[in-house]
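Structure at a glance
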Amino acid sequence: MLKISYTPLRILILFLFFFCVSTSYSISKSAYFQLKVYHFKSLDQEHSIDQYLEKAYLPAMHKLGFKHIAVFKPIENKNNEDKIIYVFTSANDLEKFVHLEKNLLKDKQYLEAGKSYLDASHSNPPFTRVETIWMQAFEGMPFMDIPKLKSNKNERVYELRSYEGPTEKLSLNKISMFNDGEIGIFKKLNFNAVFYGKVIAGSTMPNLIYLTTFENMKDRDEHWKAFGPLYKPMAEMPKYQNNVSKNVTILCIPADYSDI
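Presented here is a report on the structure given in the accompanying data block. (Residues numbered from 1 in each chain as written. Predicted model: local features only at pLDDT ≥ 70, side-chain atom pairs only at ≥ 80, totals over all residues. Heavy atoms only, no water.)

Topic: the overall build of the protein chain
What counts, and what does not: Helix and strand definitions here come from DSSP, where helices need a minimum of 4 consecutive H or I residues and strands a minimum of 2 consecutive E residues; each element is numbered from the N-terminal end. Each residue's exposure class comes from its accessible area (1.4 Å probe, protein chains only) as a fraction of the maximum for that residue type: buried when under 20%, exposed when over 50%, partly exposed otherwise. Two residues form a contact once any of their heavy atoms are found within 4.5 Å. Per-residue and other accessible areas were derived by the Shrake-Rupley procedure at a 1.4 Å probe size, with only the shown protein chains allowed to occlude residues.
Across its full length, the protein chain holds 8 helices and 8 strands. In the protein chain, which comprises 260 residues, the share counted as buried stands at 43%. For the protein chain, restricting intrachain contacts to residue pairs at least 6 apart in sequence, the fraction spanning at least 24 positions comes to 81%. Only carbon and sulfur atoms are counted for the fraction: they give 57% of the accessible area of the protein chain, which is about 15000 Å².

In structure tokens, the structure reads:
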């Protein structure tokens, strides 16, 4: 019988080999995104949501390993009856979102800091509804990016866009358009995109959502003016026609306590 000598060096090499093999299957090729949409009507509700997010939710999420959480609000909130706060989070594993609520409830500091929000009365709720959208990152930008902006947060403009497709196939065609060139144009012009996501669970499917960020409104307008001439040749290609049935564009500003 052949005897194998397991020297310390050989044991170490075997350990590293099996470690690399096992982890290679668990490394995510692309991130998953969660966009929570808080709908509310009054200033009191806005204050309650802000306090909950800043003092309870974000600190608890950070402890669970979620980083760079974006909180932003539409500029037109004050003029709309249905007001909104967006909370964007990224994770390399969708399971993190599946078990998120259960894990948050294990955090005593979270429960204490968010008590007024979490224990609100049925007659005085802190919101009208909460919507959750799940997405998977595009191949052309498989993970979120942190915007490199120098202006104060209250001057910045975050542009959230949702492109709804007339069919599932045509929506995938629009995503291919991004992967095959549109994202490259955004990068070339430094649009400071945070994410591009294919919606895998949401109310307006099939659709994609992405977020670009700018120093201010003037900077935003100048970027889009430069975008048009570079995008026009691609937009005129026959294979990319009629792949968007509805474009929803919402201009926002980040909350003071937003991570980005």
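Comments concerning the packing of aromatic side chains
Stated formally: In this analysis, rings of Phe, Tyr and Trp, with Trp reduced to its six-membered ring, are considered paired at centre separations within 6.5 Å, and the interplanar angle assigns stacked below 30 degrees, edge-to-face beyond 60, and tilted for intermediate values. Only when the NZ atom of a Lys or the CZ atom of an Arg is both within 6 Å of the ring centre and within 35 degrees of the ring normal do we say a charge sits over the ring.
Inspection of every chain in the model, using the stated rule, returns 29 aromatic pairs. Geometrically, the ring pair formed by Phe33 and Phe88 is tilted, given 5.2 Å between the ring centres and 50° between the ring planes. Of the two residues, Phe33 sits in strand β1 (residues 32–40) while Phe88 sits in strand β3 (residues 83–91), which places them 55 residues apart along the sequence. Phe88 carries the same exposure label as Phe33, and that label is buried. An aromatic cluster is present here, built from Phe138, Tyr163, Phe178, Phe186, Phe191, Tyr196, Tyr210, Phe214, Trp224, Phe227 and Tyr231 joined pairwise through their rings. The ring of Phe66 carries Lys96 above its face, with NZ or CZ at 5.6 Å from the centroid. Its guanidinium or amino end placed over the ring of Trp224, Arg161 lies 4.1 Å from that ring's centre, counting from NZ or CZ.

Some remarks on helix α8 (residues 217–235)
Selection criterion: Each residue after the first adds 1.5 Å to the expected span of a helix. By definition, a residue's bend is the angle between the axes fitted to the seven residues ending there and the seven starting there.
Compared with an ideal rise of 1.5 Å per residue, which puts 19 residues at 27 Å, α8 spans 25 Å between its outermost C-alpha atoms and is within 8% of the ideal. Largest kink in α8: about 40°, centred on Pro229. If you check which residues of α8 are buried, you get Asp219, Arg220, His223, Trp224, Phe227, Tyr231 and Met234. Contacts from the buried residues of α8 go to β5 (157–164), α7 (168–188), β7 (207–214) and β8 (246–254).

A look at the environment of Pro254
Residue placement: Pro254 occurs in strand β8. Overall, the relative accessible area of 5% leaves Pro254 in the buried class. Residues Pro254 and Thr213, spaced 41 residues apart in sequence, show a C-alpha to C-alpha distance of 9.9 Å. Residue contacts for Pro254: discarding those within four places in its chain leaves Val71, Phe72, Lys153, Arg156, Tyr158 and Ile260.

Section: the pairing of β1
Spelled out, the test is: Two strands form a pair only when DSSP identifies at least two bridges running between them.
Burial of β1 is extensive: 9 of the 9 residues sit out of reach of the surface. Covered by surrounding structure in β1 are Tyr32, Gln34, Lys36, Tyr38 and Phe40 together with Phe33, Leu35, Val37 and His39, the residues of both alternating faces. Pairing analysis gives 9 bridges linking β1 to β3, with the strands arranged antiparallel. Counterpart to His39 in the pairing with β3 is Ile84.

That is the geometry; function is a separate question.
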